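Close look at the chain arrangement
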Amino acid sequence: MSDPVTKLAYQTMQQGKSLLGLAHKEVSTRLMDLVAPQASASTVPVPPEMMGELRSSMDELLELDWKEAQQELYPTSLLFDAPWLDWAVRYPLVWLDLPSIWQRRTRRDVTDLPLEINTKDYPDYYLQNFHHQTDGYLSDRSAELYDLQVEILFNGTADAMRRRLIRPLLDQLGARRADPIRVLDIATGTGRTLRQLRGALPKAQLVGLDLSASYLRQANRWLSEIPGELPQLVQGNGEDLPFANGVMQAVTCVFLFHELPGEARQKVLDEAWRVLEPGGVLVLADSIQLDDSPTFGAVMENFRRVFHEPYYRDYIADNIPERLQRSGFEVIEANSYFMTRVWTARKSG
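I will try to describe carefully the structure that is included in this document.

Analysis parameters
Residues numbered from 1 in each chain as written. Predicted model: local features only at pLDDT ≥ 70, side-chain atom pairs only at ≥ 80, totals over all residues. Heavy atoms only, no water. Buried < 20%, exposed > 50% of the residue type's maximum accessible area, 1.4 Å probe, protein only. Helix = DSSP H or I, 4+ residues; strand = E, 2+ residues; numbered from the N terminus. Pairing = 2+ DSSP bridges. Right-handed = clockwise from strand over helix to strand, strands pointing away. Axes fitted to C-alpha atoms, helices over the stretch in contact; angles between N-to-C directions. Contact = heavy atoms within 4.5 Å. Core = buried A, V, L, I, M, F, W, Y, C linked by side-chain atoms within 4.5 Å. Parallel < 35°, antiparallel > 145°, perpendicular 65-115°, else oblique. Nonpolar A, V, L, I, M, F, W, Y, C, P; charged D, E, K, R; others polar. Phe/Tyr/Trp six-rings, centres within 6.5 Å; stacked < 30°, edge-to-face > 60°. Salt bridge = Lys/Arg side-chain N within 4 Å of Asp/Glu carboxyl O.

Here we take up the pairing of strand S4 (residues 248-254). Counted residue by residue, S4 has seven buried out of seven residues, so it is predominantly covered. For strand S1 (residues 182-186) and S4, the ladder comprises four bridges, and the chain directions are parallel. Bridge pairing links Asp185 to Thr252 in S4. Note that S4 and strand S5 (residues 276-287) share six bridges and pair parallel. Residue pairing across strands places Cys253 opposite Leu284, the latter belonging to S5. Following the chain from S4 across helix H9 (residues 262-275) to the adjacent parallel S5, one finds a crossover that is right-handed.

And the structure:
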């Protein structure tokens, strides 16, 4: 039976995170307009009724998140899993980082990266300040602030959206979910998705792959706090996975595709198909698109304008099911939750 006290605590926590995210964005935008007006982006109007729809969509997401925890798809404790003290310490650093972000936006400089990196180690599209983020994805400072910045961006719903991949993953795995299967998370970043997966699949061998050594170091710090087996972390490119054919039972990928050019998206799907065993499952989660969420078109357009997302316009019009079929996947399903679209596909076998 649902614990009303725990549910109230969850709702209160989420409301607090939402208010913090909204307040932070409002105050920081006004401050930018005051001290660095040339850094401001031209946005399209968002109708009041759309704001109401967004609020309802977010409430539906959080209610579903609670229900799936009650259904024991993942532990209820996962709903409260966040490095609160660490985020509180780092929050002032987010503010201190804003002037350098505004300067880059004013200069229209999106390739301001650490001088010590070897650019030959990364694809050209990766060498950018996505979101106008200091150092792109290529420094420890960037990795230390990333999770908090994403929580602010999504008003505290980032993990709830990541957890949307758990039900389709468990449904596709069926009875095998209790076995020591191998699950690969492509573009694992700081490991937040792996933390969600560990809660749902305590016996699975989890593998996280990312291009950024800095983000993998941060992932190792977060994940080493979890009891049990530490997920294996590998530095590599999703377009050329360093694994043999058919060695994974499942592959996940969260919030990557909107930051890839179309050709790279296709290569990642081809590689996911290659490393899956016959009958293996892929669960892909990323931004909503124009076809499935046309009423939120203005929000998608403003996201592209405010944040440096050079491939987002192409992504929101891309046909992901067609790409999945091109790679060889079958049984393709898709659902949208707030700002996230989730695709589930299977390798025949």
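After that view of the structure, there is still more to cover.
What follows is about the sheet that holds S4. If you walk across this open sheet you meet the seven strands as S3-S2-S1-S4-S5-S7-S6, and the pairing is mixed. Strands at the two margins of the open sheet, each flanked by one partner only, are strand S3 (232-235) and strand S6 (329-337). Across this sheet, the average inter-strand angle for adjacent strands is 15°, counted without regard to direction. Its contacts with the sheet place helix H6 (residues 166-173) against S4, S5 and strand S7 (340-347), and it is angled at close to 170° to S5. Against the sheet, helix H8 (residues 213-223) engages strand S2 (205-210) and S3, with an angle of about 175° to S3.

Attention shifts here to the nonpolar core. As a rule of thumb, nonpolar side chains are buried together in soluble globular proteins. Ranked by internal contacts, the top residues of the largest apolar core, which has 92 residues, are Leu184, Ile186, Phe243, Val251 and Phe257. Those residues in contact with Phe243 that sit more than four places away from it in its chain are Leu184, Val207, Leu209, Val234, Met248, Arg274 and Val275.

What follows is about the environment of Ala298. Tracing the backbone shows Ala298 in helix H10 (residues 297-306). Residue Ala298 is classed as buried on the basis of its relative accessible area of 15%. Residues Ala298 and Val46 lie 252 residues apart in sequence; the distance between their C-alpha atoms is 6.1 Å. Aside from chain neighbours lying at most four places away, what touches Ala298 is Val44, Pro45, Val46 and Met50.

A few words on the packing of helix H3 (residues 84-107) against helix H4 (residues 140-153). Two elements in contact, H3 and H4, have axes separated by 10 Å at closest approach and are oriented at 95°. On the basis of their axis angle, the class for H3 and H4 is roughly perpendicular. Residue-level inspection shows Trp87, Arg90, Tyr91, Leu93, Val94 and Asp97 of H3 in contact with H4, the latter providing Arg141, Glu144, Leu145, Asp147, Leu148, Gln149, Glu151 and Ile152. When its residues are assigned to classes, the contact of H3 with H4 shows seven nonpolar, one polar and six charged.

Further remarks concern the side chain of His24. Position of His24 among the secondary structure elements: in helix H1 (residues 4-35). We classify His24 as buried; its relative accessible area is 7%. In this structure His24 touches Tyr91, Val94, Trp95 and Ile152, once residues within four positions along its chain are discounted.

Turning our eyes to something else, we now look at the packing of aromatic side chains. Evaluation of the coordinates by the stated rule reveals 15 aromatic pairs. Here the aromatic rings of Trp84 and Trp87 are separated by 5.9 Å at their centres, their planes lie at 85°, and the arrangement is edge-to-face. Taken as a pair, Trp84 and Trp87 lie in helix H3 at a separation of three residues, close to a single helical turn. A relative accessible area of 38% means that Trp84 is categorised as partly exposed. The exposure class assigned to Trp87 is buried, which follows from its relative accessible area of 8%.

Right, let's talk about the pattern of salt bridges for a bit. Here the structure, examined in full by the defined rule, presents 30 salt bridges. The salt bridge involving Arg107 is made with Asp112; its shortest N-O contact spans 3.9 Å. With a relative accessible area of 46%, Arg107 lands in the partly exposed category. A salt bridge links Asp292 to Arg341; the nearest nitrogen and oxygen atoms lie 3.7 Å apart. Residue Asp292 is located in the loop between S5 and H10, and its partner Arg341 is located in strand S7; the two are separated by 49 residues in the primary sequence. One salt-bridge network, held together by shared partners, links Asp65, Glu68, Arg163, Arg164 and Arg167.

The geometry of H1 relative to H4 is characterised by a closest axis approach of 8 Å and an angle of 90° between their N-to-C directions. Classed by the angle they form, the pair H1 and H4 counts as roughly perpendicular. Contact with H1, carried on its side by Lys17, Gly21, His24 and Lys25, involves Glu151, Ile152 and Leu153 of H4 and no other residues of that element. Looking at the contact of H1 with H4, its residues break down into two nonpolar, two polar and three charged.

This paragraph deals with the environment of Ser18. Topologically, Ser18 is positioned in helix H1. Given a relative accessible area of 4%, Ser18 falls into the buried group. When sequence neighbours within four positions are dropped, the list of residues in contact with Ser18 reads Arg55, Met58 and Asn155.

This paragraph deals with H10. By the burial criterion, the buried members of H10 are Ala298, Val299, Met300, Glu301, Asn302 and Phe303. Looking at the buried side of H10, the elements it contacts are helix H2 (48-70), H4 and helix H11 (312-316).

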